[in-house]
Amino acid sequence: MKPWMKTALKAAAALGCLALAAALAAPLVLSRLLPPEKVRGFVVTGARKALGREVRLEGVSWSLLKGLTLTGLAVSESGGFKEGEWASVQEVTVRPEWRKLLQRELAVARVSVGGAVLKVVKRRDGSFNHSDVAAQKARPVPVKTPNGAASEKPGAALPAAALPALSVRELTLSDARVEYADEASKEGWVLAGLEAKVRDFSLAGPFDAQAAFHAKGPGVEAKVAFEGVVDLARLDLEKLSVE
């Protein structure tokens, strides 16, 4: 082997060792910069403010393989946990792209959500058990006028350009469940075994998605599968309906 080839191989090995050391050190650095209790505070406080509900989070941890792991995340009904859980997730893992993160660039390689449960209840008066959450999101949004003064525009929605530049390479949902109950008719349905996978997820643009679940309700039992392109920036929830 020629001397220059030996030098090149040694250099490559040294770079590989350096990259491995950086990857191994990343979770340790993050656990010092963002200790579990600090992450817990961010998640719980942020969710409480956004949803106006009680929020509980049992565990937070960092690891090289999984990244950030949240366990036992739950959101209460409008009257608090004494009325039950509105939504819960057994485990959420967020694995960043360590190399970019060490360069102070926020990039997420994979998000996995396991064991999610959502309970939807239609009350006798026609309202839903999530109506207060929708009202929370529709609160007046501060808008600056041309002279710099702040005013409030009721129910103002953020334009697509104003959405956060959040990009996730892969998002997976496993063993999820949605339960629906109508208090007036005493009927309900369940979507069980919900599995979904999304690639190149973005809040401001289209992305590929596929999902499958088992639906069961009054006189209906079927397996449903979907595969296509979703664009959240163009999705109008007010016009969305399911028959």
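Residues numbered from 1 in each chain as written. Predicted model: local features only at pLDDT ≥ 70, side-chain atom pairs only at ≥ 80, totals over all residues. Heavy atoms only, no water.

Turning to the pairing of strand S10 (residues 206-217), a few remarks are in order. When strand S9 (residues 188-202) meets S10, the two strands line up antiparallel, connected through 8 bridges. Across the sheet, the residue bridging to Val190 is Lys216, located in S10. Where S10 lies against strand S11 (residues 220-231), 12 bridges are found, and the strand directions are antiparallel. In the sheet register, Ala209 faces S11, and the bridge partner there is Gly228. Between the end of S10 and the start of S11, which pair antiparallel, lie 2 residues, with Gly219 showing a positive phi angle near 75°. (Pairing = 2+ DSSP bridges. Helix = DSSP H or I, 4+ residues; strand = E, 2+ residues; numbered from the N terminus.)

Caution applies to low-pLDDT regions: their predicted coordinates should not be interpreted in detail. Per-residue confidence for the protein chain averages 74 on the pLDDT scale, and 65% of its residues sit at or above 70. Across the protein chain, strand S5 (residues 117-122) holds the top mean pLDDT of 92, while helix H1 (residues 3-33) sits lowest at 43. Predicted confidence for residues 141-145 stays below pLDDT 50, and this span has 11 contacts to residues more than four positions away or in other chains. Taken as a whole, residues 149-164 scores under 50 in pLDDT and shows 23 contacts with residues more than four places along the chain or in a different chain. (pLDDT = per-residue confidence, 0-100. Contact = heavy atoms within 4.5 Å.)

A few words now on the pattern of salt bridges. Considering all chains together, one arrives at 7 salt bridges under this definition. Across the salt bridge formed by Glu85 and Arg56, the nearest N and O atoms sit 2.6 Å from each other. Of the two residues, Glu85 is situated in strand S3 (residues 80-96) and Arg56 in strand S1 (residues 55-63); the sequence distance between them amounts to 29 residues. On the basis of relative accessibility, which here comes to 28%, the residue Glu85 falls in the partly exposed class. For the salt bridge of Glu179 with Arg177, the shortest nitrogen-to-oxygen distance reads 2.8 Å. Judged by its relative accessible area of 25%, Glu179 is partly exposed. Salt bridges linked by common partners bring Arg110, Glu170 and Arg199 together as one network. (Salt bridge = Lys/Arg side-chain N within 4 Å of Asp/Glu carboxyl O. Buried < 20%, exposed > 50% of the residue type's maximum accessible area, 1.4 Å probe, protein only.)

Looking now at the environment of Phe207. Structurally, Phe207 is set in strand S10. For the pair Phe207 and Val230, spaced 23 residues apart in the sequence, the C-alpha separation amounts to 5.5 Å.

Let's shift gears to the environment of Ala87. Here Ala87 shows up in strand S3. Distance in space between the C-alpha atoms of Ala87 and Val178 is 9.2 Å, their sequence separation being 91 residues. Contacts of Ala87, omitting those with residues within four sequence positions, involve Leu73, Ala74, Val75, Val117 and Leu118.

Attention now goes to unusual backbone geometry. Positive phi values are uncommon outside glycine, yet Asp175 reaches one of about 50°. Here Asp175 shows up in strand S8 (residues 167-182). In this structure, Lys186 takes a positive phi of about 65° despite not being glycine. With respect to the helices, strands and loops of the structure, Lys186 is situated in the loop between S8 and S9.

Attention now goes to the environment of Ala222. Structurally, Ala222 can be placed in strand S11. Between the C-alpha atoms of Ala222 and Leu191, which are 31 residues apart in sequence, the distance is 9.7 Å. Filtering out sequence-adjacent residues up to four positions away, Ala222 remains in contact with Phe213, His214 and Ala215.

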